[in-house]
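# Observations on chain architecture
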Amino acid sequence: MSEPMKPINVVVTGAAGQIAYSLLYQLAAGTVFGPDQPINLHLLDIPVMMKVLEGVVMELEDLALPLLREIVPTADPAVAFKDVAAAFLVGAMPRKEGMERKDLLAANVEIFKVQGEALDKYAKKDVKILVVGNPANTNALICSHYAPSIPKQNFSAMTRLDQNRAQAALAARLNVQVDQVKKVIIWGNHSSTQYPDAAHATVTVQGSTKSVPAALNQDNWLQTTFVETIQKRGAAVIAARKMSSAMSAAKAAGDHMRDWWMGTKPGEYVSMAVFSDGSYGIPENIVFSFPVTIEPHGQYKIVQGLPISEFARSKLTVTANELEEERAEAYKVLQKK
Ligand code: NAD
Ligand code: LMR
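Heads up: these notes are all about the structure in this document. The model shown is predicted, which means the values in this text are computed figures rather than measured ones. (Residues numbered from 1 in each chain as written. Chains lettered and ligands numbered in written order. Predicted model: local features only at pLDDT ≥ 70, side-chain atom pairs only at ≥ 80, totals over all residues. Heavy atoms only, no water.)

### Thoughts on the packing of helix α5 (residues 136-145) against helix α12 (residues 310-336)
Convention followed: Where helices are involved, their axes are fitted lines through C-alpha atoms of the stretch in contact, as for all axes, and angles between N-to-C directions lie from 0 to 180°. In this description a helix means any DSSP run of H or I spanning at least four residues, a strand means any run of E spanning at least two, and both kinds are numbered starting from the N terminus. Comment on the angle field: the value is read as roughly parallel under 35 degrees, roughly antiparallel over 145, roughly perpendicular from 65 to 115, and oblique elsewhere. For any pair of crossing helices, the crossing counts as left-handed if the nearer helix is rotated counterclockwise from the farther one by less than a right angle, and right-handed if it is rotated clockwise. It only takes one pair of heavy atoms within 4.5 Å for two residues to be counted as in contact. Residues are grouped as follows: nonpolar covers Ala, Val, Leu, Ile, Met, Phe, Trp, Tyr, Cys and Pro; charged covers Asp, Glu, Lys and Arg; every other residue, Gly included, is treated as polar.
Axis separation between α5 and α12 bottoms out at 10 Å; the angle between their running directions is 50 degrees. Our classification of the angle between α5 and α12 gives oblique. Seen from above, α5 lies across α12 with right-handed handedness. Across the interface between the two elements, Asn-137, Thr-138, Leu-141, Ile-142 and His-145 from α5 touch Leu-323, Glu-326, Arg-327, Ala-330, Tyr-331 and Leu-334 from α12. Looking at the contact of α5 with α12, its residues break down into six nonpolar, three polar and two charged.

### Section: the site of ligand 1
Selection criterion: Whether a residue is near a molecule or strand depends on its heavy atoms: it is near if one of them lies within 4 Å of it. Under this definition, polar contacts are N or O atom pairs within 3.5 Å; protein pairs additionally need one hydrogen-donor-capable and one acceptor-capable atom, and for neighbouring residues in sequence, both atoms have to be side-chain atoms. With residues, only the protein chains shown are counted as cover, and all accessible areas are computed by Shrake-Rupley using a 1.4 Å probe.
The full set close to ligand 1 counts 25 residues, and Gln-18, Asp-45, Met-93, Val-132 and Asn-134 are the nearest of them. Asn-134 places a side-chain nitrogen or oxygen 2.8 Å from an oxygen atom of ligand 1. Measuring from a nitrogen atom of ligand 1, one finds a backbone N or O atom of Met-158 at 3.5 Å. Expressed as a share of its isolated accessible area of 860 Å², the protein-covered part of ligand 1 is 87%. When residues of the shell around ligand 1 are traced back to their parent elements, those giving at least two are α1 (18-29) and α4 (105-122).

### Considerations on the pattern of salt bridges
Applicable threshold: By definition here, a salt bridge exists when the distance from a side-chain nitrogen of Lys or Arg to a carboxyl oxygen of Asp or Glu is within 4 Å. Per-residue accessibility, obtained with a 1.4 Å probe over protein chains only, is compared with the maximum for each type, and a residue is labelled buried under 20%, exposed over 50%, and partly exposed between these values.
Summed over all chains, the structure comprises 11 salt bridges. Of the charged contacts, one joins Arg-160 and Asp-259 as a salt bridge, the two residues approaching to 2.9 Å between their closest N and O atoms. Of this pair, Arg-160 sits in helix α6 (residues 160-174) while Asp-259 sits in helix α11 (residues 247-262), and the two are 99 residues apart along the sequence. Assigned by exposure class, Arg-160 and Asp-259 land together as buried. Here Asp-259 makes a salt bridge to Arg-258, at a shortest N to O gap of 3.3 Å. A relative accessible area of 9% places Asp-259 in the buried class. Residue classification places Arg-258 among the partly exposed residues on the basis of a relative accessible area of 28%.

### Digging into the side chain of Arg-160
On the accessibility criterion, Arg-160 (7% relative accessible area) is buried. Filtering out sequence-adjacent residues up to four positions away, Arg-160 remains in contact with Ala-252, Asp-255, His-256, Arg-258, Asp-259, Val-270 and Ser-271.

### Structural notes on the packing of α6 against α11
A pair of packed helices can be characterised by two numbers: the angle between their axes and the separation between those axes. Packing of α6 against α11 leaves a shortest axis separation of 8 Å and a crossing angle of 105 degrees. The pairing of α6 with α11 is recorded here as roughly perpendicular in orientation. Contacts between α6 and α11 involve Arg-160, Leu-161 and Asn-164 from the former and Ser-248, Ala-249, Lys-251, Ala-252, Asp-255, His-256, Arg-258 and Asp-259 from the latter. Here the residues of the contact of α6 with α11 are counted per class, giving three nonpolar, three polar and five charged.

Below you can see the structure in the form of structure tokens.
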């Protein structure tokens, strides 16, 4: 009989907020780190939210889930980040109707400086970090800057929600079940400049697989309505709910970390915002969403060699430029503090 697995420490920041409320169940139930992996949950929020967090802790206890071992609610980053193997950095201000996500830079970037410093001091050096709080790509860049002892490859930002949205939109258009659409890519920033790209996507109908552009035979729709709908989906949810997406964001965070931890399925790839290594001519030192494959418990690899059309190139350039501008703005904000 094999030895029972030792618990890992997992931190969720913004633990009293909306996204965490849906995310914590997935973590405790074993759908992210696996059905045999016990976890200790470290829950970080700000001091005024400690009473609310008490209620979240009560509910976690009442789940009666055997994989969930210790629960550590705290407002102290030194406690929250202690020996963590995985970090979900969710805690940050969400945008309101009419704002772009980069309008949150001034309010949120300092949080990621402080948490970068705490990760550097207290986390395991192989910790896998997923930044969800917006503007997620640039927050991940800043967080890494302040955590120089942790490899840059361990930092990522979430574009999985955009990928899930794109996959669902294509499945609806093609009138197939959502899991029959694969390999749709999100390039660039988690913002309205992102490029949702179906050029390499496939769809399987009655056992036969073909490319999405061939199945749709509508490049115009793929290059206009489809792209704009995914770029603006977050804003559409805010306009309807008066609050930003939470259930779908939490599901996407679980998907992202599960694939990073357990590996991607053979022959498939997923989109993650990671440090650019210059692939596809994207400038280095920005956190850019690429298609990646991952070996179980391994590092991600950016998928190489996909043909990039002139149309796609123009979109990649716009979103990379925006990330360079956000980077400059973030450092300006931090210098002023
Ligand atoms: P929320 O307001 O419901 O919760 C945020 C929580 O973070 C609050 O409990 C708040 O007290 C806490 N917090 C604030 N500062 C903190 C700090 N320094 N340390 C720890 N906790 C802190 O917001 P939400 O709906 O959960 O969204 C959180 C963030 O995620 C927002 O920035 C939102 O825009 C972003 N988001 C990103 C994606 C994505 O796809 N990348 C999707 C949805 C939402
Ligand atoms: C989303 O994509 O739903 C989130 O980033 C929230 C937002 O501000 O759009």
